[in-house]
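Now for the letters of each chain:
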Amino acid sequence: MNISKVAGTNNKHKVLVYALSTCVWCKMTKQYLKDNNVEYEYVDVDLCSEEEKNQIRKHIQDKGAPLGYPTTIIDDQKVITGFRKDLLKEALEL
Amino acid sequence: MTTIEEVKRRAEADAKTFGYYLNPDPNFLQGLLEGLKRNEERYGYPSCPCRLASGNLDYDRDIICPCDYRDPDVAQFGACYCGLYVRKDVYEHKTELAPVPERRPAEKQMRSYQSVSTEVEAKAATAPEREELVQITVGKKKLWYCKQCGYVVFREDPPYICPVCKAKRELFAEIKTKVDFFG
Ligand code: SF4
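Residues numbered from 1 in each chain as written. Chains lettered and ligands numbered in written order. Predicted model: local features only at pLDDT ≥ 70, side-chain atom pairs only at ≥ 80, totals over all residues. Heavy atoms only, no water.

**Q** Tell me about the interface of chain B and chain A, and please be specific about residues and values.
**A** The partner chain A presents 22 residues to the 23 residues of chain B that form the contact. Here chain B and chain A share an interface that buries about 1800 Å² over both sides, 58% of which is from carbon and sulfur atoms. Per-residue buried area on chain B facing chain A is highest for B:L52, B:Y113 and B:Q114; these three make up 30% of the total on that side. Taken together, the connections running from chain B to chain A amount to one salt bridge. A salt bridge links A:D46 to B:R42; its shortest N-O distance comes to 2.8 Å. Linking chain B to chain A there are four residue pairs in polar contact (both at pLDDT 80 or more). Secondary structure elements with two or more residues in the side of chain B that touches chain A: α2 (26-43), α6 (106-110) and α7 (114-126) of chain B. Broken down by element, the residue count for the side of chain B that touches chain A peaks at seven residues, all from α2(B). Tallied by class, the residues present in the side of chain B that touches chain A amount to twelve nonpolar, eight polar and three charged. (Contact = heavy atoms within 4.5 Å. Buried area = accessible area lost by both parts, 1.4 Å probe. Salt bridge = Lys/Arg side-chain N within 4 Å of Asp/Glu carboxyl O. Polar contact = N/O pair within 3.5 Å; in protein donor to acceptor, adjacent residues only side chain to side chain. Helix = DSSP H or I, 4+ residues; strand = E, 2+ residues; numbered from the N terminus. Nonpolar A, V, L, I, M, F, W, Y, C, P; charged D, E, K, R; others polar.)

Written out as structure tokens, the structure reads:
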């Protein structure tokens with residue numbers, strides 16, 4: 001799977017964003033993390049193979065979350081669906 | 001190839017027809033139009049930029065922009081799921097654009113993921129064949145429907161462009177009724 005890593009000075013948490021390459025809310029989420037110097041990884045799900053898409057679906061659903069994008073998973077525990085600045089801010093202690 | 005201007009013109013015309021506005025933030029709007037263009041290029045139809053498409057028209061029909069969920073979402077939340085189409089008060093910044101929850105049913109979303117769609121296909125393939133297709137024709141006229149919006153016409157050939165949703169001729173299919181010979 002093509003996981004891109006974006007470096008940042010804030011690496012308190014492990015942040016993974018499942019995004020779509022065409023989705024504006026996903027772009028805003030990535031930009032928000034970047035603006036706050038948060039280190040994160042992301043996967044553009046629409047560019048993945050069918051098998052990878054399925055793995056991602058399982059990962060999201062196993063966390064009990066709905067299948068929307070962006071899905072931000074923090075420390076492989078907390079899941080935030082959609083660009084929710086308020087929730088990201090709180091979860092990442094920004 | 002579709003240009004951004006074409007995608008924009010289409011969206012503007014559609015907004016006008018339905019009394020909506022396009023997102024007032026130029027960067028935001030540009031991002032969405034690019035997403036629509038990209039999807040039209042890779043799938044052959046402009047599926048929603050903010051949803052994972054399957055690439056199979058039969059599964060994606062409800063999320064071809066403008067999607068089936070736009071009207072109820074704009075009415076209830078002031079914007080469609082992506083934020084491309086907005087209500088007047090949102091356009092005029094009287095109401096802030098808030099995240100719109102996903103209205104598309106989970107079963108439909110699941111079809112964009114392999115194992116599920118192959119299961120569905122396998123089921124369809126093993127279903128017993130009890131029907132025969134019968135064409136409805138009067139002279140050379142046939143019934144055609146637009147696969148994008150459901151518009152139906154009775155004429156010799158499908159229209160060049162759907163008068164309702166502006167889909168191209170390729171998106172028209174002939175309607176054949178199913179006659180059940182079972183019992
Ligand atoms: S949510 Fe908006 S942009 Fe996305 S398909 Fe529906 S109408 Fe188009």
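**Q** Summarise the site of the ligand; cite the residues concerned and give the values.
**A** Close contacts around the ligand come from B:C48, B:R51, B:C65, B:P66, B:C67, B:R70, B:C80, B:Y81, B:C82, B:L84 and B:Y85, and that covers them all. Considering only residue class, the shell around the ligand consists of nine nonpolar, no polar and two charged. (Near = heavy atom within 4 Å.)

**Q** Account for the packing of helix α1 (residues 24-35) of chain A against α2(B), naming residues and giving values.
**A** At a minimum axis separation of 9 Å, α1(A) and α2(B) run at an interaxial angle of 125°. In terms of orientation, α1(A) lies oblique with respect to α2(B). Where α1(A) approaches α2(B), its residues A:V24, A:W25, A:K27 and A:M28 are matched on the opposing element by B:F28, B:G31 and B:L32. When its residues are assigned to classes, the contact of α1(A) with α2(B) shows five nonpolar, one polar and one charged. (Axes fitted to C-alpha atoms, helices over the stretch in contact; angles between N-to-C directions. Parallel < 35°, antiparallel > 145°, perpendicular 65-115°, else oblique.)

**Q** Before we move on, can you summarise the pairing of strand β5 (residues 78-81) of chain A with the specific residues and values?
**A** On a regular strand, one side chain projects to one face of the sheet and the next to the other, so that they alternate. Residue and element names in this part refer to chain A. Summarising the sheet, strand β4 (residues 71-74) and β5 pair through four bridges and their orientation is antiparallel. Its bridge partner being in β5, T71 is matched across the sheet by T81. Adjacent in sequence and paired antiparallel, β4 and β5 are bridged by three residues, among which D75 carries a positive phi angle near 55°. (Pairing = 2+ DSSP bridges.)

**Q** Any details on the packing of aromatic side chains? Residues and values, ideally.
**A** Residues and elements named next belong to chain B. With the rule as written, the count across this model stands at eight aromatic pairs over all chains. Between the aromatic rings of F18 and Y20, the centroid separation amounts to 6.4 Å while the plane-to-plane angle is 15°, which identifies the pairing as stacked. Given the relative accessible area of 40%, F18 is considered partly exposed. Considering the side-chain rings of Y43 and Y45, the 6.2 Å spacing of their centres and the 25° angle between planes classify their relative orientation as stacked. In this structure, Y43 and Y45 share a single accessibility class: buried. (Phe/Tyr/Trp six-rings, centres within 6.5 Å; stacked < 30°, edge-to-face > 60°. Buried < 20%, exposed > 50% of the residue type's maximum accessible area, 1.4 Å probe, protein only.)

**Q** Give me the lowdown on the sheet that holds strand β1 (residues 4-6) of chain A, citing residues and values where you can.
**A** Residues and elements named next belong to chain A. Spatial ordering of the open sheet is given by β1-β3-β2-β4-β5, a layout of five strands whose pairing is mixed. In this open sheet, the two edge strands, each paired with only one partner strand, are β1 and β5. Across the sheet, the mean angle from the axis of one strand to that of its neighbour is 20°, orientation sign disregarded. Contacts between helix α2 (residues 50-62) and the sheet are confined to β2 (15-19), β3 (40-44) and β4, with β2 contributing the most and set at about 120° to the helix.

**Q** Any details on the nonpolar core? Residues and values, ideally.
**A** In a soluble, globular protein the nonpolar side chains are often hidden away together inside. Formed by 70 residues in total, the largest nonpolar core has its most connected members in A:Y18, A:I56, A:Y69, B:C50, B:L84 and B:Y85. When residues in this core are grouped by element, the largest group, six residues, is from α2(B). If you count residues domain by domain, this core takes at least three from each of domain 1 (4-101 + 112-127) and domain 2 (128-183) of chain B. (Core = buried A, V, L, I, M, F, W, Y, C linked by side-chain atoms within 4.5 Å. Domains from an automatic or database assignment.)

**Q** Any details on α1(A)? Residues and values, ideally.
**A** Residues and elements named next belong to chain A. End to end, α1 covers 16 Å across twelve residues, agreeing with the expected 16 Å (1.5 Å per residue, within 8%). All of the buried residues along α1 are V24, W25, C26, T29, K30, Y32 and L33. At the C-terminal side of α1, N37 shows a positive phi close to 60°. (Expected span 1.5 Å × (residues − 1).)

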